[in-house]
Amino acid sequence: MIRQKLLTVIFKILPTNVAYAHCDIPCGIYDPHLAQMAAHTVIRMTSLINDLKASSSEPLFDERKKIISQISRLTKVKDEHAELVKHEVRILWGDYFKEEHLKQYPELNDLVFRTMKLASKARQEVNIEAANELLDTVQEIAQIFWKTKNIKSAKIKSPYPSGATIVVPK
Amino acid sequence: MLLLSRFIISGHSMEPTLQQGQNVLVSYIPYLFVKPKIDDMVLIRHEENRFLIKRITKIDGEKYFVGGDNKKDSMDSRRFGWILKKDIAGKVILKAQALVSYV
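**Structural notes on the overall build of chain B**
And step 1. Tallying secondary structure elements over chain B gives two helices and seven strands in all.
And step 2. Restricting the contact set of chain B to residue pairs at least 6 apart, pairs at least 24 apart contribute 52%.

Okay, structure coming up:
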């Protein structure tokens, strides 16, 4: 307790400097791929939860345990990846996109806003529509990202079991 | 060379060890007595008045290779090469709890 108070005082007394722990120096290494993969995972986890079936309306305790365990694991991964989508999009929005990009693509702010809300919805609910819509908004951001780099992109069928598409640079 | 300074982290390259917004205390005093060693978190002077926070991952004589804990998002020795002891401004001697504001 005393140590904590002492540290608080030390931290308060000392002026703050900034230590950069980032690649935005700028190193210019950004890619919307991770956000898309995370969105695919959200879709996949949501589908797997929806596909879970019990043998009857009153399953035995052992079967319930198994189902609860599966739901817990799938939900954990779904939540983590929905959060990862937000994290990756925040990096693009906060660090990569510049004011001139916003002028050129004024829909960007709204797209990011919707992505954040959809990712939260996909976390809170078992909602395949929200998960699919989340991938859509992430892909729209990905398309704008590649346009800002003057690189053509294509939306192709992904090799993932989510069965959805992916935006890749050509 | 820093006697004792407080730094606030900006960026993600040291996650999960250090989060954006987290406060750390940095001092050069430990290095007056012992050499920097592998796994030390250090503050390095990257450019004029610009500090980076990284971890020492390799040592070769008097040269140090530094990296971020978050390999996928880190600008470090993989990009700017080995650094010298004179580039090290201090050692992270204490980190505050994540996202606690002391401002």
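Anyway, onward from the coordinates.
**Some remarks on the nonpolar core**
And step 1. Ranked by size, the top nonpolar core spans 29 residues in total, and within it Ala-39, Val-42, Val-85, Ala-122, Leu-134, Val-138 and Ile-141 of chain A carry the most contacts.
And step 2. Broken down by secondary-structure element, the contributors of at least two residues to this core are α2 (33–51), α3 (61–96), α5 (108–124), α6 (128–148) and β3 (165–169) of chain A.
And step 3. Among the elements that take part in this core, α6 of chain A stands out by supplying nine residues, more than any other.
And step 4. In this structure Ile-141 of chain A touches Pro-32, Val-89, Leu-92, Leu-111, Val-112 and Thr-115 of chain A, once residues within four positions along its chain are discounted.
And step 5. If you look at the next biggest cluster of nonpolar residues, it comprises 25 residues, including Ala-21 of chain A together with Phe-7, Met-41 and Ile-83 of chain B.

**What about α6 of chain A?**
All names here are of chain A.
And step 1. In this model, α6 (21 residues) spans 30 Å end to end at C-alpha, consistent with the 30 Å of a helix rising 1.5 Å per residue.
And step 2. Those residues of α6 that fall on the buried side of the exposure criterion are Ala-130, Ala-131, Leu-134, Leu-135, Thr-137, Val-138, Gln-139, Ile-141, Ala-142, Ile-144 and Phe-145.
And step 3. Buried positions along α6 lie against α2, α3, α5, β2 (153–157) and β3.
And step 4. Asn-150 lies just past α6 and shows a positive phi near 55 degrees.

**Quick notes on the confidence of the model for chain B**
Low-pLDDT portions of the prediction should not be read for the details of their coordinates.
Residue and element names in this part refer to chain B.
And step 1. Looking at chain B, the pLDDT average stands at 82 and 84% of residues meet or exceed 70.
And step 2. The element-level mean pLDDT for chain B is lowest in helix α2 (residues 77–80), coming to 75, with helix α1 (residues 30–33) highest at 93.
And step 3. Across residues 98–103 the pLDDT falls below 50, and counting only partners more than four positions away or on other chains, this stretch makes 12 contacts in the model.
And step 4. Quick note on the complex model: pTM equals 0.58, ipTM equals 0.74.

**With respect to the packing of α3 of chain A against α6 of chain A**
All names here are of chain A.
And step 1. Here α3 crosses α6 at 25 degrees, and the two axes come no closer than 12 Å. The orientation of α3 relative to α6 falls into the category roughly parallel. By crossing handedness, the relation of α3 to α6 is classed as left-handed. Mapping the contact onto sequence places Val-85, Val-89 and Leu-92 in α3 and Leu-134, Val-138, Ile-141 and Phe-145 in α6.
And step 2. A per-class count over the contact of α3 with α6 returns seven nonpolar, no polar and no charged.

**Considerations on unusual backbone geometry**
Glycine aside, residues mostly have negative phi angles, and peptide bonds mostly take the trans form.
And step 1. In the segment running from Glu-15 of chain B into Pro-16 of chain B, the intervening peptide bond is cis, with an omega of 5 degrees.
And step 2. Residue placement: Pro-16 of chain B occurs in the loop between β1 (5–10) and β2 (23–27).
And step 3. Its identity as a non-glycine residue notwithstanding, Asn-150 of chain A has a phi of 55 degrees, on the positive side.
And step 4. Unlike most non-glycine residues, Asp-39 of chain B shows phi in positive territory, near 85 degrees.
And step 5. On the secondary structure map, Asp-39 of chain B appears in the loop between α1 and β3 (41–47).

**Topic: the packing of α2 of chain A against α6 of chain A**
All names here are of chain A.
And step 1. One can describe the packing of α2 onto α6 by two numbers: an axis separation of 9 Å at closest approach and a directional angle of 170 degrees. Classified by the angle their axes make, α2 and α6 are roughly antiparallel. Facing Ala-35, Gln-36, Ala-39, His-40, Val-42, Ile-43, Thr-46, Ser-47 and Asn-50 of α2, the residues of α6 in contact are Ile-128, Ala-131, Asn-132, Leu-134, Leu-135, Val-138, Gln-139 and Ala-142.
And step 2. Taken together, the residues that form the contact of α2 with α6 break down as 10 nonpolar, seven polar and no charged.

**Structural notes on the environment of Leu-94 of chain B**
And step 1. Checked against the element boundaries, Leu-94 of chain B lands in strand β7 (residues 88–95).
And step 2. Dropping the residues within four chain positions of it, Leu-94 of chain B is found in contact with Val-24 and Leu-25 of chain B.

Parameters and conventions
- Residues numbered from 1 in each chain as written.
- Chains lettered and ligands numbered in written order.
- Predicted model: local features only at pLDDT ≥ 70, side-chain atom pairs only at ≥ 80, totals over all residues.
- Helix = DSSP H or I, 4+ residues; strand = E, 2+ residues; numbered from the N terminus.
- Contact = placed C-beta atoms within 7 Å.
- Core = buried A, V, L, I, M, F, W, Y, C linked by C-beta atoms within 7 Å.
- Buried ≥ 20, exposed ≤ 12 C-beta atoms within 10 Å, placed from the backbone.
- Expected span 1.5 Å × (residues − 1).
- pLDDT = per-residue confidence, 0-100.
- Axes fitted to C-alpha atoms, helices over the stretch in contact; angles between N-to-C directions.
- Parallel < 35°, antiparallel > 145°, perpendicular 65-115°, else oblique.
- Left-handed = near helix turned anticlockwise from the far one by under 90°.
- Nonpolar A, V, L, I, M, F, W, Y, C, P; charged D, E, K, R; others polar.

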